[in-house]
Amino acid sequence: MEILRDLENMLETLADRYNELKKERNTLKSQYDELFNEYEKLNNEKEELSRQLEEIKRKNEEVENYLNQLKTTLISRVGEDFLNPNYDSSFETNNPVQGENSNGSY
């Protein structure tokens, strides 16, 4: 009979250990699910930030292209003024502003 009691005690111990492991498994599963949800959330945020970064890069490229076009146009126009034989830079720097009188008389 003692063997039966020992077997019964072993079965109870195994059942208790099984229930403990089951609880631990459930706890770990819950933690895993929480971490996986957090991972998915962070991954989605990363993807959104990557999309935003690409959009910013695209807009930056557009702005750079526009500024380069403006620079080219400005250089072209300024160059045309300097190449124009009728262009007189002294006219702009030596003439008084309209409405001013250098003698003070009319």
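Residue numbers run consecutively from 1 along every chain, following the written order of its sequence. Only residues with pLDDT of at least 70 get local features here, since the model is predicted, and only at 80 or more are side-chain atom pairs given and counted; chain-wide, interface and lining totals rely on the full set of residues. Values reported for side chains reflect all heavy atoms of the structure, with hydrogen atoms and water molecules removed beforehand.

Side note on the overall build of the chain
Turning to step 1, where the next piece is worked out: The secondary structure listing takes helices from DSSP runs of H or I that are at least 4 residues long and strands from runs of E that are at least 2 residues long, numbered from the N terminus. Secondary structure summary: the chain contains two helices and zero strands in total.
Turning to step 2, where the next piece is worked out: Split into buried and exposed, the 106 residues of the chain put 0% on the buried side.
Turning to step 3, where the next piece is worked out: In short, Shrake-Rupley with a 1.4 Å probe defines the accessible areas, and a residue's cover is counted only from the protein chains shown. Accessible surface, the chain: about 10600 Å² in total, of which carbon and sulfur atoms supply 54%. Throughout, exposure labels follow a simple rule: accessible area from a 1.4 Å probe, protein chains only, divided by the maximum for the residue type, with under 20% read as buried, over 50% as exposed, and the rest as partly exposed.

Observations regarding the confidence of the model for the chain
Turning to step 1, where the next piece is worked out: Confidence in the prediction of the chain, expressed as mean pLDDT, is 86, and 80% of residues score 70 or more.
Turning to step 2, where the next piece is worked out: Across the chain, each position has a pLDDT score giving the predictor's confidence in that residue, from 0 to 100. Should any heavy atoms of two residues lie within 4.5 Å, those residues are considered in contact. Long-range and interchain partners of residues 99–106, a stretch whose pLDDT sits below 50, account for one contact in this model, where long-range means more than four residues apart.

Some points on the pattern of salt bridges
Turning to step 1, where the next piece is worked out: The rule for a salt bridge is simple: a side-chain nitrogen of Lys or Arg has to be within 4 Å of a carboxyl oxygen of Asp or Glu. For the coordinates displayed, the defined rule picks out seven salt bridges.
Turning to step 2, where the next piece is worked out: A salt bridge links E20 to R17; the nearest nitrogen and oxygen atoms lie 3.4 Å apart. With E20 and R17 both in helix α1 (residues 2–83) and three residues apart, this pair spans about one turn of that helix.
Turning to step 3, where the next piece is worked out: E20 gets classed as partly exposed once you look at its relative accessible area, which sits at 46%.
Turning to step 4, where the next piece is worked out: K59 is paired through a salt bridge with E55; the nearest N and O atoms lie 3.9 Å apart. Of this pair, K59 and E55 both sit in helix α1, four residues apart, which is roughly one turn of the helix.

Comments concerning a nonpolar patch on the surface
Turning to step 1, where the next piece is worked out: On the surface, M1, I3, L4, L7 and M10 cluster together into a nonpolar patch covering about 600 Å² of accessible area.
Turning to step 2, where the next piece is worked out: Looking at the element boundaries, L4 is found in helix α1. Residues with no salt bridge and a relative accessible area higher than 30% make up the patches, which join like charges within 9 Å and nonpolar side chains (Val, Leu, Ile, Met, Phe, Trp, Tyr) within 5 Å.

A word on the packing of aromatic side chains
Turning to step 1, where the next piece is worked out: Pairing of aromatic rings covers Phe, Tyr and the six-membered ring of Trp, with a centre-to-centre limit of 6.5 Å; geometry is then stacked below 30 degrees between planes, edge-to-face above 60, and tilted otherwise. This structure, assessed with the given rule, holds two aromatic pairs.
Turning to step 2, where the next piece is worked out: A ring pair is formed by Y32 and F36, whose centres lie 6.1 Å apart and whose planes are at 20°; its orientation type is stacked. Taken together, the residues Y32 and F36, both in helix α1 and four residues apart, mark about one turn of the helix.
Turning to step 3, where the next piece is worked out: When the centroid spacing of 6.1 Å and the interplanar angle of 35° are considered together, the rings of F36 and Y39 count as tilted. Placement of the pair is F36 and Y39 together in helix α1, with a separation of three residues, close to one helical turn.

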